[in-house]
Structure formats: structure tokens, C-alpha cells
Amino acid sequence: MDITMTMLLWTAPAFVVLSIVEWLDERQDPQYAQKFSARDYAGNWATYALNAVFKFAGQYLLPFSTIVIASSLTPLRLSPRHWWVWVACLIATDFCYYWAHRADHRVRLLWTAHSVHHSSRFFNLSTNLRLPWFHPVSYTLRSLAWVPVALLGFPVWMIFVLNTAGLLFQIPCHTERIGTLWPAWEFMFNTPSHHRVHHGSNMSYIDKNYGGVFIVWDRLFGTYAAEVEPVRYGLIHDVGSQNPVKFNYLETVAMLRDVAHAKTWRARFGYVFGPPGWSEKAVPAPSLTT
């Protein structure tokens, strides 16, 4: 954990410098007013501050305990002294990130937390900071995605370090100031172009490009989409507020309201573990002849 914190501390100055450079570059854009909002920027930083306060209990203590337990149960042990263990762990953790990220969008309980990151109508480096805070149930469920990596014998600390490295890799992907990169790089890795698609609410972009470091997972599992039309950022139903408390728990409140109004246990289960937008009204009524 100390290593990951050190990585984050070393990244902070670079992030601030890059944010300033991006802002200065954006000011030269004729569409600056449509691409940058001071209120949105402040909302992103406020959300990050709250995230930092609640991070230990909500994102580290409970969620990562599942990975630690899994590591203690497996008889397998891989040594970090071998270079191939690092490469294999990077691939394995990113593969698990793909499925965790995909679940963020397809399981409503997880979406209540992850939707915070997608709630901005703007897209710049400060969007990295728009992170959910204190959703311990969602984070604990999500952390199960990395249990297989621990069971394979990779050291717990290595899983944390490489997962953090994967998140840091995605920081420069949150910008409109970088177009497409070299074709080979675009084919293999996540890029700003791929991630702009992921943040789009265009119908052709929804639930696409989940990859963290590698975009090849999306190509393999049918969730890839290229950036072919202007991206409309934000949620399908705009939050309409920069209050960090509101957009952090708006989806949670909506989910609990649906559960409270549900008429059957099947519907209650669907509203929690079904995909966002699932409704019991769409469930066929049972046949009277069976």
C-alpha cells in the first residue's frame, strides 16, 4: 500500500502541470465555452477531496480484504524476482479490470458508484478526479474481480501496484486535446480516442471500450467502438448539478426508490443486480396456463 501511495504522490505534480497546460491550450479553442466549465472543474476537485477523506474505509480496508484472504488461501506462490511474473501480473490485473469495469456498467449496484465518474458533460484531465466516495458495498463486490489473480499466486502488493499503475496509465486518456495515435498503439492500448468513446452517451458509444491499459479486451469480447462521430459526454439523463453529494448518491437513491416500489422479490433483485434501466414492467407476466 505504501508503494501505491508513493506512486500517487509522485504523479500529483505531473497531473497539476498537465492540467494547466491542457487548460491553456483549451483557451485557444473557439469552442472553449462549450468544452470547459469552471463549475464542473470545481465539482471534480470537490468530489476528489471527499473521495480522499473516505477512501481508506470505503475503497481499501473492506474491498482489498477479499484479495488478501484469497492470497492467504492459495498454495501457489509466484516470485517477483522473475520479470515474466511482472508482465503476467500486469496482463492478468488488466484483464480483471476489464471485467470489473464492464460490471460497473452492467450491474446497477456497481453503476450507482461508477456513474459518478460519467456524470460530467465535459471531458478533460479533471474528469479523472470525479470519483465516487463511500460506496463500500459496491467496492467490495467489485474487488472480487481480482480474486483469481491472487489465487494464481501473484503477491498481493504486486496486484495493488500494477492495478494502480493501470489507473495512472488512464490519466492522459481523459482529454480532448490528443487525437488518434499510431495505428499499432491504437490497436493494442487504451488511448484518449478510445476513452472519449467510453464516456460518450451517444447510443452507438454506450457500454463500449472498457479496457484499462489494453483495448484488445474490447476487440476480443465485442465491446469495441471507434470514435466516428462527435462525442456527447455525460449520462443519458443529465444530473443537472455540480453538488458532489448529489451526483455521488443520485443513482443510489434512485435504485433504493425502485426497490422500495417493487412488487416482487424478483423485481427487487433485478433493480439491484440487473443492468441500469432494467424495469419490472419489461418482465413478461407469468402465464395463467402454467
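Since the structure is predicted, the reported quantities are computational estimates derived from the model, not experimental observations.

Engineer: Quick question: what am I supposed to make of the overall build of the protein chain here?
Structural biologist: Helices and strands together make up the secondary structure of the protein chain, namely 13 helices and zero strands. Counted from the first residue to the last, the protein chain has its helices and strands arranged as α-α-α-α-α-α-α-α-α-α-α-α-α. Residue burial in the protein chain is summarised as follows: out of 290 residues, 47% are buried. Counting contacts in the protein chain only where the partners sit at least 6 residues apart, residues at least 24 apart contribute 72% of the total. Carbon and sulfur atoms form 70% of the exposed surface of the protein chain, whose accessible area is close to 15300 Å².

Engineer: Would you mind showing me how to read the packing of aromatic side chains here?
Structural biologist: Counted by the stated rule, this structure contains 16 aromatic pairs. Cluster of aromatic residues (ring-pair linked, three or more members): Phe95, Tyr98, Trp99, Phe169, Trp185, Phe189, Tyr210, Phe214, Trp217 and Phe221. Across the ring face of Tyr224, the terminal group of Arg219 is positioned such that the distance to the ring centre comes to 4.1 Å. When the ring centre of Trp265 is taken as origin, the NZ or CZ atom of Arg268, which lies over that ring, is 4.6 Å away.

Engineer: Would you mind going over the side chain of Thr127 with me for this structure?
Structural biologist: If you trace the backbone, Thr127 turns up in the loop between helix 5 (108–114) and helix 6 (136–143). Ignoring sequence-local partners within four residues, the contact set of Thr127 consists of Asn44, His117, Phe122, His174 and His199.

Engineer: Is there a simple way to explain the nonpolar core in this structure?
Structural biologist: Grouped burial of nonpolar side chains is what soluble globular proteins tend to show. Counting residues in each nonpolar core, the largest one holds 18 residues, and the members touching the most others are Ile67, Cys89, Trp146, Val149, Phe154, Met158 and Ile159. For this core, the secondary structure elements donating two or more residues are helix 3 (38–73), helix 4 (83–106), helix 7 (147–151) and helix 8 (156–169).

Conventions we followed
- Per-chain numbering applies: the sequence of each chain, read as written, is numbered from 1 onward.
- Local features in a predicted model are, by the rule used here, given only for residues with pLDDT of at least 70; side-chain atom pairs are given and counted only at 80 or more, and totals for whole chains, interfaces and linings are based on all residues.
- Remark: hydrogens and water are excluded; side-chain values derive from all non-hydrogen atoms of the structure.
- For the purposes of this entry, the term helix denotes a DSSP run of H or I that reaches at least four residues, the term strand denotes a run of E that reaches at least two, and both are numbered from the N terminus.
- Throughout, exposure labels follow a simple rule: accessible area from a 1.4 Å probe, protein chains only, divided by the maximum for the residue type, with under 20% read as buried, over 50% as exposed, and the rest as partly exposed.
- Contacts between residues were defined by any pair of non-hydrogen atoms, one from each residue, lying within 4.5 Å.
- Here the open area of atoms and residues is found with the Shrake-Rupley method and a 1.4 Å probe, where only the protein chains shown may cover a residue.
- Ring geometry is summarised as follows: Phe, Tyr and Trp rings, the Trp one being its six-membered ring, pair when their centres sit within 6.5 Å, and such pairs are stacked at plane angles under 30 degrees, edge-to-face over 60 and tilted between the two.
- We count a charge as sitting over a ring when the NZ of a lysine or the CZ of an arginine lies within 6 Å of the ring centre and within 35 degrees of the ring normal.
- By convention a nonpolar core is built from buried Ala, Val, Leu, Ile, Met, Phe, Trp, Tyr and Cys residues, the set being connected through side-chain atoms within 4.5 Å.

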